[in-house]
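Residue-level structure breakdown
What follows is the residue order along each chain.
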Amino acid sequence: MKKLASLISALSFPLKKSVPLILCLFLPLTLCGCYDNREIDRTAYVIALGIDKGPAGFNYIFQISAPLAMGGGDEGMTGGGGEENSKVENIVIGAENLYEARDSLNNFLSKQVNLSHLEMIVFSAETAESGLENHFTFLQREREVRPNTHICIAEGSAEKFLRGINPALEANTANYYDLISKNGSIYAPAKTLREFVNEEAIFSAAVPLGVVSEAEESSDFTSKSDILRVSSSKSEFSGLCLMKDYKAVDYLTPFQSRIFGLLSGNTKECDISMSSGGEDYEIRLRPKSKAVFTVSQGGEADTVKLAASFAAEIISSGGDLSEQEIEEYLSREVYSLFLSAQKADCDIFGAGNCIRRKCRTIREWESIDWEKRFKDAYFSPDIKVVAERSNSGTM
């Protein structure tokens, strides 16, 4: 009996040593399975989503990529005249919410709808002014929608804005959304879903404004104030929409948006025009350091102070433009921007964080009532400029 036990023990010892090795050999087989695979030709990838007010709830515009059209090489890189983008399909579904719209789309589409490649969400101004909280509740719960998906507010309808997207020199429309959001627009700093929700939870947010150009030829432009723009792509990002409690409350001009981009650090440099002494100057501005906001609490009203420094390259030749003149010009524009935000009751600068960081409890922060204090606050900008003159000699 003892001999039998020792024999079993001798045989089990190498078996125990080989069990981990056997498990390691079988483990890669579980990683390369294709039980949940999705064929690309059986999946409809939504790259942009638009939401408009509709007769029965909302109109959801699903912009779906067409892989076969995008893989056709250089042919059709740009559309001509007012042609619509042939590399995407825009499908409009009327529904009460996003889930119902997606189910309706799956009901007649031969492919399975997938939102994991969603690059842009566009809300119409009418929808934004009525409130977006319910829409963001659905978007945050949807596991396929990524937090870094970009959002914007369309000046008109979201459907018209998406139909106007026809990228020049870009065959992949999804790549266009990604690049223009990462590179940023000097007239409209980008905003992601995560950034918007975090900013709205405390203060307010500034969301890029999408506009559509109606011009077919350069002769259609008659006003000097309009930006001359004729392209196969009619849609662009220009200006900012101020959001408070998930509602659109006001809008910033493209120039105010450029100033805000410089102060917030989203814009690395931009060119501005100013006049002084009867002469016009072109100036290239670059932030030398991050703009710093501080709040001095007073009895009747607080004072919001801004300290910012810029390097100003004077591009125009001739004349003599001093640093003080540039500082005064920028101070006026920054002051105008602050008044616009204050009028809309939107602390888009996050100045309230200066006080919020000092509060030890949520109750203490709520008792301060920053929303009212910001509306009554004074503003004191301190702008410093180091002027440079570009080399305008012969080459």
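Note that this is a predicted model, so its numbers are computed, not measured. Residue positions are given per chain, counting from 1 as you read along its sequence in written order. Residue-level local features of this predicted model are given only where pLDDT is at least 70; pairs of side-chain atoms are given and counted only at 80 or more, and the full residue set underlies all totals for whole chains, interfaces and linings. Note: side-chain values were computed over all heavy atoms of the structure, leaving out hydrogens and water.

Some words on the pattern of salt bridges
The following threshold applies: We define a salt bridge as a side-chain nitrogen of Lys or Arg found within 4 Å of a carboxyl oxygen belonging to Asp or Glu. Here a helix means four or more residues in a row that DSSP labels H or I, a strand means two or more in a row labelled E, and each is numbered from the N terminus.
Using the criterion set out here, one finds 12 salt bridges in the structure. Lys 372 is the salt-bridge partner of Asp 376, the closest N and O atoms lying 3.3 Å from each other. Taken together, the residues span about one helical turn, with Asp 376 and Lys 372 both in helix α13 (residues 370–376) at a distance of 4 residues. Through salt bridges with shared partners, a single network forms among Arg 102, Glu 142 and Glu 144.

Digging into the side chain of Gln 256
The test is simple: Within 3.5 Å is the distance limit for a polar contact, defined as a pair of N or O atoms, with the added protein rule that one can donate a hydrogen and the other accept it, and that residues adjacent in sequence qualify only through two side-chain atoms. Here a residue-residue contact requires only that any non-hydrogen atoms of the pair lie within 4.5 Å.
The residue Gln 256 is located in helix α9 (residues 254–264) in this model. Within polar-contact distance, the side chain of Gln 256 engages the side chain of Ser 340 at 3.1 Å. The contact partners of Gln 256, leaving out residues within four places of it in the chain, are Ser 336, Leu 337 and Ser 340.

A word on the state of the cysteines
Test applied: Sulfur atoms of two cysteines make up a disulfide when they are within 2.5 Å.
In the structure shown here, the tally under the stated rule is 0 disulfides. Cysteine Cys 241 remains unbridged, with the sulfur of Cys 346 as its closest cysteine sulfur at 8.8 Å.

Observations concerning the pairing of strand β13 (residues 303–314)
The criterion, for reference: Think of it in three bands: with a 1.4 Å probe and only protein chains considered, a residue is buried below 20% of the maximum accessible area for its type, exposed above 50%, and partly exposed in between. Two strands are counted as paired when DSSP detects at least two bridges linking them.
Across the 12 residues of β13, 9 count as buried, placing the element largely inside the fold. Pairing of strand β11 (residues 279–287) with β13 involves 5 bridges; the strand directions are antiparallel. Among the inter-strand pairings, Pro 287 is bridged to a residue of β13, identified as Phe 310. Two strands pair when backbone bridges link them, and strand β12 (residues 292–296) and β13 are joined in this way by 5 bridges, in the antiparallel orientation. Across the sheet, the residue bridging to Val 292 is Ala 307, located in β13. Hairpin remark: β12 followed by β13, antiparallel, with 6 residues in the connecting loop.

Overview of helix α3 (residues 98–108)
Owing to its 3.6 residues per turn, the α-helix brings residues three or four apart onto one side. Quick reminder of the rule: Relevant arc is that of directions from the helix axis to the C-beta atoms, nothing else.
Of all the positions in α3, only Leu 98, Ala 101, Arg 102 and Leu 105 are classed as buried. Take α3 and look down its axis: the buried residues cluster within an arc of 95°, on one side only. Relative to its buried face, α3 has exposed residues pointing more than 90 degrees away, namely Asn 107 and Phe 108. Lining the buried residues of α3 we find β1 (43–54), β2 (57–65), β3 (88–95), β4 (112–114) and α5 (133–141). Put simply, Asn 97 is the residue that caps the front of α3, since its side-chain oxygen is 3.1 Å from the backbone nitrogen of Tyr 99.

Some points on the packing of aromatic side chains
How we decide: Two rings from Phe, Tyr or Trp (for Trp, the six-membered ring) form a pair when their centres sit within 6.5 Å of each other. Planes less than 30 degrees apart are called stacked, planes more than 60 degrees apart edge-to-face, and all others tilted.
Throughout the structure, instances matching the rule amount to 16 aromatic pairs. Where Phe 293 meets Phe 349, the ring centres are 5.1 Å apart and the plane angle is 35°; that geometry is what we call tilted. Here Phe 293 is found in strand β12, whereas its partner Phe 349 is found in the loop between α10 (323–343) and α11 (353–356), with 56 residues between them in sequence. Judged by relative accessible area, Phe 293 falls into the buried class, the value being 14%.

Focus on the confidence of the model for the protein
Heads up, the condition is: Residue-level confidence of the predictor, termed pLDDT, takes values from 0 up to 100.
For the protein, mean pLDDT is 82; residues scoring 70 or higher make up 80% of the total. Here helix α2 (residues 67–70) stands out as the element of the protein with the lowest mean pLDDT, 58, in contrast to strand β5 (residues 120–124), whose mean of 95 is the highest. Confidence over residues 72–81 falls short of pLDDT 50; this stretch has 16 contacts with residues more than four positions distant or in other chains.

Focus: the pairing of β5
With 5 of its 5 residues buried, β5 lies for the most part within the structure. Neither face of β5 is left uncovered, since the one carrying Met 120, Val 122 and Ser 124 and the one carrying Ile 121 and Phe 123 both have all their residues buried. The pairing of β1 with β5 spans 4 bridges and is parallel. Bridged to Leu 49 within β5 is Ile 121. For β5 and strand β6 (residues 150–154), the ladder comprises 5 bridges, and the chain directions are parallel. The residue of β6 that forms the bridge with Val 122 is Cys 152.

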